[in-house]
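Listed here are the chains, written in short residue letters.
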Amino acid sequence: MRYLFIIQGEGRGHLTQAMTLEKLLLSRGHQVVKMLVGKSESRTLPAFFTNGVKAPIAYFETINFVTASSDKRPDALKTVLFNVAFSPKLVPSISMIKNEIRNCSPDIIVNFYELLGTVTHELRARDIPMVCIGHQFLFLHEDFSFPEFSGYEGHIALNLFSKAICNGAAKTLALSFRPMADDSKKRIIVTPPLLRPEVLDSRNMPDFQDGDYILGYMLNAGFAEEVIAWHKKRPEIPLHFFWDNASEGPVKQIDPTLSFYYLNDKEFIKQMAGCRAYASTAGFESICEAMYLGKPLMMVPSHIEQKCNAYDATRFGAAVESDRFDLDILLDFAENHFRRDDGFPEWAQAAGEIVAKELETL
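Below, the structure is looked at part by part. (Residues numbered from 1 in each chain as written. Predicted model: local features only at pLDDT ≥ 70, side-chain atom pairs only at ≥ 80, totals over all residues. Heavy atoms only, no water.)

## What to know about the nonpolar core
Core analysis: the biggest nonpolar cluster contains 62 residues, and Phe5, Ile7, Leu21, Phe49, Val110, Ile133 and Phe344 have the highest contact counts within it. Those residues within four positions of isoleucine 7 in sequence are excluded, and the remaining contacts are His14, Leu15, Ala18, Met35, Leu36, Val37, Gly38, Phe49, Phe112 and Glu114. Grouped together as the second largest cluster of nonpolar side chains are 33 residues, Leu4, Ile128, Ala174 and Val190 included. (Core = buried A, V, L, I, M, F, W, Y, C linked by side-chain atoms within 4.5 Å. Buried < 20%, exposed > 50% of the residue type's maximum accessible area, 1.4 Å probe, protein only. Contact = heavy atoms within 4.5 Å.)

Okay, structure coming up:
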C-alpha cells in the first residue's frame, strides 16, 4: 500500500508519531510516498525529524497558534484574529496539498491532526480513504471525562476543531493512555500511543536509571523565566531543559547546573532514560514517554488540550499537575506520592500491531 502523511508540525508529538508510523509501515512492506508538514514561519522543524524520516518532505503554511506577550500560553483572541487575517494565504497551501496528492497517487492518506489536510481531502480527494490519528480525538469519546475548567476556556471549541479534522475520515484513531472500548457511534477507535522504537528499547539500555537531574521540556520559551527563578533558589539540583528556541543554538548553558537544549530527540530520550524526574507543559507524547520509563512527572498545561492531558494522566498517581514550573512540587511528588503505572509499558508496546491492523484493513 502507498501512504501519504499530512502532519501538523506544531511541537514534537505529531512529528514523532509520524516517524514511528513510517518505520512500522516500511517494516511491513508498505510505502510512505510523501510527508506534507504544516508549519508557521516562526517554527523551524527539528533536525531529528527532517533527518530521521525516509519519505521526501514538503512544507505548507497552516493555521498558527499565537502566544501571549509572555510567550507562555496561546492567546485565543490573538490566534483567531491572526488566522482570520492570514486565511487568504492558506489557499496556496490547499492547492499544494491537492497537487501532491494527485502526483503521489496514494492508496491511503494519514492525517496527523492537520485541518488543511481534511479541507483538501473533502474538496479534492474524497475517493482516497483518509485515516486521522491523534490523542485529541479521545476527547470526543463518549466515556472521556473533562476536568473542571478554570482559566482554560475552549474545550468546546477544541472538540469542534477535532470533529472538523476527522470529518470524512474512514477511521479515527484516538491515542490513549489506557485501554478503552471503541466509541462505535462516533467511529472512534482507541489505540495505544505511537512511541518510537528508540523509546521502547530504552528500558533495556545502560542509561535507564534514576539519575540526579531533573529533565524538562517546554514548547514556548517564556517558561524559561520560571525555571531560572526556581534554579536560583535550588542551584544544587541539576536541571536539563529542552525548548523550541533555535536562535540560542544547540545548548545554552546558564551555569554548571542549568542548561537549555534545542530539540534533539536522541539526546532527549537518552536524558529521559537517566533523569530523576520530568517536568513538561503536558504534551501527550512526552507524558507517554515518561510514563513508559516510570519517571515521576509534573505537568504545567499551557492550553486546554494540555489541561485535558494533565487531568487524564494524574488519575493514576503517575503524575502531578501545577500552574507553574515550581519544581519543589515535583520533588515532593517524586519522594512521597509517585506510583508507577505498571500496566502502561505493555499497553504502549502493543501499539504497532493494533495500529497496523487498522490501517491494513481499510
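## Some words on the sheet that holds strand S9 (residues 239-243)
As summarised here, the arrangement of the seven strands in space is S10-S11-S9-S8-S12-S13-S14, forming an open sheet in which the pairing is mixed. Each edge of the sheet is formed by a strand with only one pairing partner; in this case those strands are strand S10 (251-255) and strand S14 (319-321). On average, each strand axis in the sheet is tilted by 20° relative to the strand beside it, whichever way the strands run. Relative to S9, strand S8 (residues 214-218) is paired through five bridges, and the arrangement is parallel. Each residue of the ladder has a partner; that of tyrosine 217, found in S9, is phenylalanine 242. The sheet strands contacting helix H8 (residues 224-233) are S8, S9, S10 and strand S11 (258-262), and the helix crosses S11 at an angle near 160°. Strands strand S13 (297-299) and S14 of the sheet are contacted by helix H11 (residues 304-314), whose axis makes an angle of about 135° with S14. (Pairing = 2+ DSSP bridges. Helix = DSSP H or I, 4+ residues; strand = E, 2+ residues; numbered from the N terminus. Axes fitted to C-alpha atoms, helices over the stretch in contact; angles between N-to-C directions.)

## Some points on the state of the cysteines
Tallied over the entire structure, the rule returns zero disulfides. Take cysteine 166: it sits in no disulfide, and the sulfur closest to it among the cysteines is that of cysteine 132, at 6.0 Å. Overall, cysteine 166 belongs to the buried group, its relative accessible area being 16%. (Disulfide = S-S within 2.5 Å.)

## Regarding the packing of helix H4 (residues 90-104) against helix H5 (residues 115-124)
Where H4 contacts H5, the axes come no closer than 9 Å and their chain directions differ by 65°. When you trace H4 past H5, the crossing you get is right-handed. In this structure, H4 contributes Leu90, Ser93, Ile94, Ile97, Lys98 and Ile101 to the contact, and H5 contributes Leu116, Gly117, Val119, Thr120, Leu123 and Arg124. Tallied by class, the residues present in the contact of H4 with H5 amount to seven nonpolar, three polar and two charged. (Left-handed = near helix turned anticlockwise from the far one by under 90°. Nonpolar A, V, L, I, M, F, W, Y, C, P; charged D, E, K, R; others polar.)

## Overview of the sheet that holds strand S6 (residues 171-175)
Pairing is parallel in the open sheet, where seven strands are placed in the order S3-S2-S1-S4-S5-S6-S7. Edge strands, defined here as strands with exactly one partner in the open sheet, are strand S3 (57-61) and strand S7 (188-191). Each adjacent strand pair in this sheet contributes to an overall mean axis angle of 20°, direction not counted. Relative to strand S5 (residues 130-134), strand S4 (residues 108-112) runs parallel, the two sharing three bridges. Note that in S5 the partner of asparagine 111 across the bridge is cysteine 132.

## Quick notes on the pairing of S6
Strand residues, when the strand is regular, have side chains that alternate between the two faces of the sheet. Across the five residues that make up S6, a large majority, five, are buried. Where burial is concerned, the two faces of S6 agree: the one with Lys171, Leu173 and Leu175 and the one with Thr172 and Ala174 are both buried. Note: S5 against S6, four bridges, orientation parallel. The residue of S6 that forms the bridge with cysteine 132 is threonine 172. Pairing between S6 and S7: four bridges, direction parallel. Paired with threonine 172 across the two strands is isoleucine 188, which belongs to S7.

## Side note on the packing of helix H9 (residues 265-274) against helix H10 (residues 284-292)
Between H9 and H10, whose axes approach to 9 Å, the crossing angle comes to 40°. Our classification of the angle between H9 and H10 gives oblique. In the crossing of H9 with H10, the sense of the turn from one axis to the other is right-handed. Residues Phe268, Ile269 and Met272 of H9 form the contact with H10, whose participating residues are Ser286, Glu289 and Ala290. (Parallel < 35°, antiparallel > 145°, perpendicular 65-115°, else oblique.)

Purely spatial values, then, with no claim about function.
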